[in-house]
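Structural features, examined
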Amino acid sequence: MQAYYLRIMTNLNTFKIDITKAEQSKINQVDFDNLAFGRVFTDHMFVCDFVDGVWQQPKITPYQPLTIEPSARVLHYGQAVFEGMKAYKDDQGKVWLFRPDQNFKRINTSAARLAMPEFPESYFFKGLEELLKLDNQWIKSGVGNSLYLRPFVIATEPAIAASPANAYKFMIICSPAKAYYTGKVRVLFAEKYSRSANGGVGFAKAAGNYAAQFYPTSLAQKEGFQQVIWTDANTHENLEEAGTMNTFFRVNDTLLTAPISDRILDGVTRKSLVQLAEDLNIKCEVRTVTVNEIKTAARNGELKEIFGAGTAAVISPIEAFKHGDEVFELPEITDSYANLLKTSVLNIQHNLSEDKHGWRYEVK
Ligand SMILES: *Cc1c(COP(=O)(O)O)cnc(C)c1O
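Rules used throughout
- Residues numbered from 1 in each chain as written.
- Predicted model: local features only at pLDDT ≥ 70, side-chain atom pairs only at ≥ 80, totals over all residues.
- Heavy atoms only, no water.
- Helix = DSSP H or I, 4+ residues; strand = E, 2+ residues; numbered from the N terminus.
- Rg over C-alpha atoms; globule rule 2.2 N^0.38 Å.
- Buried < 20%, exposed > 50% of the residue type's maximum accessible area, 1.4 Å probe, protein only.
- Axes fitted to C-alpha atoms, helices over the stretch in contact; angles between N-to-C directions.
- Parallel < 35°, antiparallel > 145°, perpendicular 65-115°, else oblique.
- Contact = heavy atoms within 4.5 Å.
- Nonpolar A, V, L, I, M, F, W, Y, C, P; charged D, E, K, R; others polar.
- Phe/Tyr/Trp six-rings, centres within 6.5 Å; stacked < 30°, edge-to-face > 60°.
- Domains from an automatic or database assignment.
- Buried area = accessible area lost by both parts, 1.4 Å probe.
- Salt bridge = Lys/Arg side-chain N within 4 Å of Asp/Glu carboxyl O.
- Polar contact = N/O pair within 3.5 Å; in protein donor to acceptor, adjacent residues only side chain to side chain.
- Pairing = 2+ DSSP bridges.
- Near = heavy atom within 4 Å.
- Areas by Shrake-Rupley, 256 points an atom, 1.4 Å probe, with all protein chains shown as cover.
- Patch = residues over 30% accessible without salt bridge, like charges linked within 9 Å, V, L, I, M, F, W, Y side chains within 5 Å.
- Core = buried A, V, L, I, M, F, W, Y, C linked by side-chain atoms within 4.5 Å.
- Disulfide = S-S within 2.5 Å.
- Expected span 1.5 Å × (residues − 1).

Next up on the list: the overall build of the chain. Each helix and strand counted, the chain has eight helices and 20 strands in total. Taken over the C-alpha trace, the chain has a radius of gyration of 21 Å; the compact-globule value for 364 residues is 21 Å, and the two agree within 12%. Its C-alpha atoms give the chain principal-axis dimensions of roughly 60 × 50 × 40 Å. Taking all 364 residues of the chain together, the buried fraction comes to 52%.

Next comes the structure, spelled out in structure tokens:
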């Protein structure tokens, strides 16, 4: 892993990004103690256009609106993919990313599934590094504070024909984020609607996957459940994941999480937690998790915890779930795996503990 990062860093010196700095920073207008997630953006953004089969000279410009044709294909056919990652600042002012190679690979896996061109690795890393250098002041130190990074790609070619575009825009925008304690979440296990299907795009961070969840999630919210845990589309018997988080179930002292498939997103947080569980001697089984076994475990008092895992909230504990007409409340526990694992991940991300798997990447 270290060798991998070294190779990227050597490649970074070979080309330049065209940089236009913002005339004035907006940072003094921002109330960093009261940030709503994803509403405030930093002074700069990274942009790279794909034209005539080639990625053009990458640019960093002041954060500003885009001009695109109303016929741009992304607006009609949803040809768009994205990523979500964070930058952290430690007490010495060093800036870190967490397993960015995974996000890089995943955006290209997502892009390939939507017939979009792959983005070059050196542009991705150099873009992030230059952007984070310019917007360094926006990254606040302290556990829980971070700068959320949103790389994304959209089809910009103006032509309303339902086929892949030949012009794209790759961008990165950045939004300061607070440690966010959403409190415990109540969820509904899906019985009718589905997030993804076999052979579909569930494993990709494709924009349309999220729009498709808004309606069923709003129905759940009317019943007092903030999120839906999706089940497999064929039988609705197996638990898969939440809208933007993978899920873990603790039965007695064993953690269970569904295996990755073409319906489930391969979360960086999920796979890091599976590894950290092993490091901490917590038994973790990656296997099909059925709705029935979780209901039975809940009835027998063996279900101790359910939590979601994803970059934005790291770990989001769940206090209750509904399936059929039954609502199951989870017990209050003191030795929560959710807390233990969350602390372990945060300590690695913020450079407060040993990084024995080589997950941290310093932005210099
Ligand atoms: C982004 C996302 C996750 C979490 O992935 P991380 O890499 O841990 O942030 C899980 N499920 C879905 C559907 C997602 O979009």
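The structure having been displayed, the exposition proceeds.
For the rest of this paragraph, the subject is the packing of helix 6 (residues 268-279) against helix 8 (residues 337-349). Orientation of helix 6 relative to helix 8, taken along the N-to-C sense of each, is 105°, at an axis distance of 10 Å. Here helix 6 is positioned roughly perpendicular relative to helix 8, judged by the angle of their axes. Contacts from Leu273, Leu276 and Ala277 of helix 6 reach helix 8 at Leu341, Ser344, Val345 and Ile348. Partitioned by chemical class, the residues of the contact of helix 6 with helix 8 number six nonpolar, one polar and no charged.

With that settled, consider the packing of aromatic side chains. What the rule picks out here adds up to 23 aromatic pairs. With a centroid separation of 4.8 Å and an interplanar angle of 40°, the aromatic rings of phenylalanine 15 and tyrosine 123 are classed as tilted. Here phenylalanine 15, found in the loop between helix 1 (2-11) and strand 1 (18-19), pairs with tyrosine 123, found in helix 4 (residues 121-134); they are 108 residues apart in sequence, far enough to count as distant. Ring centres 4.8 Å apart and planes at 90° place the aromatic pair tryptophan 55 and phenylalanine 119 in the edge-to-face group. Of this pair, tryptophan 55 sits in strand 3 (residues 54-55) while phenylalanine 119 sits in the loop between helix 3 (100-113) and helix 4, placing them 64 residues apart in sequence.

All right, on to the domain arrangement of the chain then. Entries for the chain in the domain assignment read domain 1 (2-178 + 352-363) and domain 2 (185-333). For domain 1 versus domain 2, the distance between C-alpha centres works out to 28 Å. Residue-level contacts link 21 residues of domain 1 with 20 residues of domain 2. Contact between domain 1 and domain 2 buries roughly 1,700 Å² in total, counting both sides, with carbon and sulfur atoms accounting for 64%. At the junction of domain 1 with domain 2, the criterion picks out zero salt bridges. Our count for the contact surface shared by domain 1 and domain 2 stands at eleven residue pairs in polar contact (both at pLDDT 80 or more).

Among the eight residues of strand 2 (residues 44-51), six are classified as buried, and the element is accordingly described as predominantly covered. Judged from the four bridges that link them, strand 2 and strand 4 (residues 59-62) form a sheet pairing that is antiparallel. Residue methionine 45 lies in a different strand from strand 4, and its bridge partner there is threonine 61. Across five bridges, strand 2 lies against strand 9 (residues 168-177) in antiparallel orientation. Bridging from a neighbouring strand, valine 47 pairs with methionine 171 of strand 9. Summarising the sheet, strand 2 and strand 3 pair through two bridges and their orientation is antiparallel. Bridged to phenylalanine 50 within strand 3 is tryptophan 55.

Quick look at the site of the ligand now. The local shell around the ligand holds 15 residues, among which Lys205, Tyr210, Glu241, Thr269 and Thr311 are the closest. Side-chain polar atom of lysine 205 to an oxygen atom of the ligand: 2.8 Å apart, as the coordinates give it. Taking tyrosine 210, its side chain carries an N or O atom lying 2.3 Å from an oxygen atom of the ligand. Contact with the protein chains hides 97% of the accessible area of the ligand, taken as 380 Å² for the molecule alone. For the shell around the ligand, a count of residues per class yields four nonpolar, seven polar and four charged.

Together, Leu66, Ile68 and Leu75 make up an exposed nonpolar region whose accessible area comes to about 240 Å². Here leucine 66 shows up in the loop between strand 4 and helix 2 (73-77). On the basis of relative accessible area, leucine 66 is assigned to the partly exposed category, the value being 38%.

As a further point, take the nonpolar core. If you look at the biggest cluster of nonpolar residues, it comprises 56 residues, and the most contacted ones within it are Phe46, Trp55, Leu149 and Phe170. Lining this core are residues from two domains, each supplying at least three of them: domain 1 (2-178 + 352-363) and domain 2 (185-333).

What follows is about unusual backbone geometry. Phi at alanine 115 is positive, roughly 55°, even though this residue is not glycine. Note on placement: alanine 115 falls in the loop between helix 3 and helix 4. Judged by its relative accessible area of 43%, alanine 115 is partly exposed. A positive phi angle is found at valine 314, which is not glycine, with a value near 65°. Valine 314 sits in the buried class, given a relative accessible area of 6%.

We now examine the state of the cysteines. Inspection of the entire model under this criterion finds zero disulfides. Between cysteine 174, a free cysteine, and cysteine 48, which holds the nearest cysteine sulfur, the sulfur-to-sulfur gap is 16 Å. Relative accessible area serves as the criterion here: at 1%, cysteine 174 is assigned to the buried category.

Attention shifts here to helix 8. One turn of an α-helix holds 3.6 residues; hence residues three or four places apart share an orientation. The first and last C-alpha atoms of helix 8 sit 18 Å apart over 13 residues, in line with the 18 Å expected at 1.5 Å per residue. Within helix 8, burial applies to Tyr337, Ala338, Leu341, Lys342, Ser344, Val345, Leu346, Ile348 and Gln349. Its side-chain oxygen placed 3.2 Å from the backbone nitrogen of alanine 338, serine 336 serves as the N-cap of helix 8. Looking one or two residues past helix 8, asparagine 351 carries a phi angle of roughly 60°, positive in sign.

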